[in-house]
Amino acid sequence: MAAPIVLDSDPGIDDAVALQYLLGTGLWDLKAYTTVGGNVPAGQTFRNGRALARVFGIDGDVTVHRGAGRPLTRLPYAAAGEFHGSAGLGTEQLPDSTAPEHPESSAQALLRLSRAYEGELTVCATGPLTNVALALSEDPDFARRVKRLVFMGGAAEVPGNITPVAEFNAWTDPDAADLVVSSGIPYTMVGLDATHGWRFGPDELKTLEEAGEGMELTARLMRFYLGAYEETGGSPLHDPLAVGVCADESFVTAAEGTVVVECASELTRGKTVFVPYDSDYPRAYYSESPLVAARTEHRGRVALGTGPRNFTEDFVNTLLKRPAAG
């Protein structure tokens, strides 16, 4: 049976195709599509989420929720329009869903579904972790009820993409990210170490363009996204990879350890420090700092590179199974 999942997203081109990919796998029962401010402001990500639900024919069954519009403790962030377009979906102007707007916030939806599917629910977060942090702040037992959180964000052993040391999602709301990884929730961080290894290039775009009916929107979105990365050898598949790892970790090479997020310094804001753990050769890192050392009691999985299974190939093949409905 398809397993229950929530996609928490800030659409965003790669968020849009991550939704399409998730639906195409046939592995998941999408219980809610929760949105958050990130690539563009929260009002626009909510509108984009509703429009995408209509495009992929799920707005009659899957509720779309509006989420946090600003970080937990900071002023609103700068959006990423240069990669996603001013409204988040390239040059597309998609019509709104005709479904009524749901009054429940993204954090409230996460809490409700964690209770309804305790021990079963996977949460895949492809934007800033503000919604997940708000859910944890309201009810810390959310961490215990969720089966697994997979989030796109961070950079463990590679440079950042918004500053020299920080990835965009972690930089946008570092307090939320740090709250989440220190909460005890079972998590896997899929950051730039892995996402920069799986890229979408001209050959993959040609496959979508030649697929014809139902792939036109996807091809236009990915053509715009590829254009933003034209000098880097292809566009990284950031958010789709996080969805892929929800079902199959062989798309990445992962290790166990602790993530601590820098929240205090403007110079290194959002830096995700990875403290590895090896059960065969345990080592006491940061023993001179009891506060930091105590953090190593909370461990998760961190993607440190690509894995043996080809994600780019799986991504394109899966998209072809889920054409746009309208």
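Attention in this report is confined to the structure presented alongside it.

**Things to note about the sheet that holds strand β11 (residues 300-306)**
Part 1 of the reasoning: If you walk across this open sheet you meet the 9 strands as β3-β2-β1-β4-β5-β6-β11-β9-β10, and the pairing is mixed. The open sheet terminates on both sides in strands that have one partner only, identified here as β3 (63-65) and β10 (272-276). Ignoring strand direction, the axes of neighbouring strands in this sheet form an average angle of 30 degrees.
Part 2 of the reasoning: Relative to strand β4 (residues 122-125), strand β1 (residues 3-9) runs parallel, the two sharing 4 bridges. Of the residues in β4, the one forming a bridge with Leu7 is Cys124.

**Some points on the pairing of strand β6 (residues 187-190)**
Part 1 of the reasoning: In β6, alternate side chains face the same way, and those of Tyr187 and Met189 on one face and Thr188 and Val190 on the other are all buried.
Part 2 of the reasoning: As paired elements, strand β5 (residues 148-152) and β6 share 4 bridges and run parallel to each other. Paired with Val150 across the bridge in β6 is Thr188.
Part 3 of the reasoning: Bridge count for β6 against β11 is 2 bridges, and the pairing is parallel. Counterpart to Met189 in the pairing with β11 is Val302.

**What about helix α11 (residues 216-228)?**
Part 1 of the reasoning: Over its 13 residues, α11 runs 19 Å from end to end, which matches the ideal 18 Å to within 8%, given 1.5 Å per residue.
Part 2 of the reasoning: Those residues of α11 not exposed but buried are Leu217, Thr218, Ala219, Leu221, Met222, Tyr225 and Leu226.

Cut-offs and rules
Residues numbered from 1 in each chain as written. Predicted model: local features only at pLDDT ≥ 70, side-chain atom pairs only at ≥ 80, totals over all residues. Heavy atoms only, no water. Pairing = 2+ DSSP bridges. Helix = DSSP H or I, 4+ residues; strand = E, 2+ residues; numbered from the N terminus. Axes fitted to C-alpha atoms, helices over the stretch in contact; angles between N-to-C directions. Buried < 20%, exposed > 50% of the residue type's maximum accessible area, 1.4 Å probe, protein only. Expected span 1.5 Å × (residues − 1).

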